[in-house]
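The residues making up each chain are set out below.
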Amino acid sequence: MSSTPAPRNKTIILNNEEINEYSSRAITLKKKAALKDIIDRTIWQDTFEALKLLPANFADLVVVDPPYNLTKKFGTKEFKSMDWNEYKRWMDKWLAEVFISLKPNGSLYICSDWNTSIAIPEIAGKYFLLKNRITWEREKGRSAGNNWKNCMEDIWFFTKSPEYTFNLDAVKLKRPVLAPYKDDNGIPKDWQEDEETEGGKFRLTAPSNLWTDISIPFWSMAENTPHPTQKPEKLIAKLILASSNEGDVVFDPFLGSGTTSVTAAKLGRHYIGIEREKEYVAVAEKRLERAKEDNTIQGYEDGVFKLRHA
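Residues numbered from 1 in each chain as written. Predicted model: local features only at pLDDT ≥ 70, side-chain atom pairs only at ≥ 80, totals over all residues. Heavy atoms only, no water.

It is worth spelling out the nonpolar core at this point. A general feature of soluble globular proteins is that nonpolar side chains tend to end up buried together. Judged by nonpolar contacts, the single largest core of 39 residues is most densely connected at W94 and L108. The dominant element in this core, judged by the number of residues it contributes, is helix α4 (residues 84–101), at 6 residues. Apart from residues lying up to four places away in sequence, W94 is in contact with F48, L51, V64, P66, I110 and F254. With 31 residues, the next largest nonpolar core counts Y109, L235, L267 and A291 among its residues. (Core = buried A, V, L, I, M, F, W, Y, C linked by side-chain atoms within 4.5 Å. Buried < 20%, exposed > 50% of the residue type's maximum accessible area, 1.4 Å probe, protein only. Helix = DSSP H or I, 4+ residues; strand = E, 2+ residues; numbered from the N terminus. Contact = heavy atoms within 4.5 Å.)

The following block contains the structure:
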């Protein structure tokens, strides 16, 4: 069989030469860094080494998608499932450093699967104020012969203090109107007409903590990468728009293939990310390069999030 990708396959695949080139754009910290040394940069380093060298109170928003407590290979290294208490100690170790990194009025989002989700309020609650638990439908997933198919993940929302940013209008969802009422003067009540919307009518609604409008990146999407647990740009965009402002600093200590940094850059924020795998560092830098030319986010158009279509 040919290894040449199908014409419509947009997955970002880098050869060895490209990996070397793009990874060389990242930095590795040797001593305590100032914000000017790390802003809008990818840090190619083990997270626990780099966290101790970051300045205090530099991040307005932290988005974390840590390895779940599953045995899974990431690039050349494998994260192994731990004893439950050991995993909680591992989580506590990086959360203590994230607390130092976050500004007093900053926010934190932690991604998790159904199992590791159980530990997050207990451990993160030692440092942060719990505000909400978002559950989103991950429409991909393997079926199981003796269990329910897993199609959900959680994102836990914390803040460092009672004072924090939350931009409700920035994350409203465009929904079709099934019952388009009008007032006595024939003026639409809380809806607008739009030929592109199903039924031709829509309203912008406040988002809940249950999200069913997210599509996992797949081979024909330009954001798709070889990373095994890549999060969609649309998902991260909601967090960034809600909990930061333009010009703020968004930090991801487990950057993976770069989604948080790329989405932050597309939305006019500064970014800082840490990733230890050379291939993923290179992919992140490639995506950041592309973002300078194309800042579109699939499913987010004209400042509005659209419903997912099958």
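Moving on, we get to the pairing of strand β12 (residues 249–252). Of the two faces of β12, both are covered, the one formed by V249 and F251 as well as the one formed by V250 and D252. For strand β2 (residues 59–64) and β12, the ladder comprises 2 bridges, and the chain directions are parallel. When the bridges of β12 are listed, L61 appears paired with V250. Bridge analysis of β12 against strand β13 (residues 270–275) gives 4 bridges, and the strand direction is parallel. Each residue of the ladder has a partner; that of V249, found in β13, is H270. Crossover handedness for the path β12 to helix α7 (residues 259–266) to β13: right-handed. (Pairing = 2+ DSSP bridges. Right-handed = clockwise from strand over helix to strand, strands pointing away.)

With that settled, consider the pattern of salt bridges. Throughout the structure, instances matching the rule amount to 18 salt bridges. For R138, the salt bridge goes to E153, with nearest N and O atoms at 3.3 Å. Taken together, the residues span a long stretch of sequence, with R138 in the loop between β6 (129–137) and β7 (152–159) and E153 in strand β7 at a distance of 15 residues. For E153, a relative accessible area of 8% corresponds to the buried category. (Salt bridge = Lys/Arg side-chain N within 4 Å of Asp/Glu carboxyl O.)

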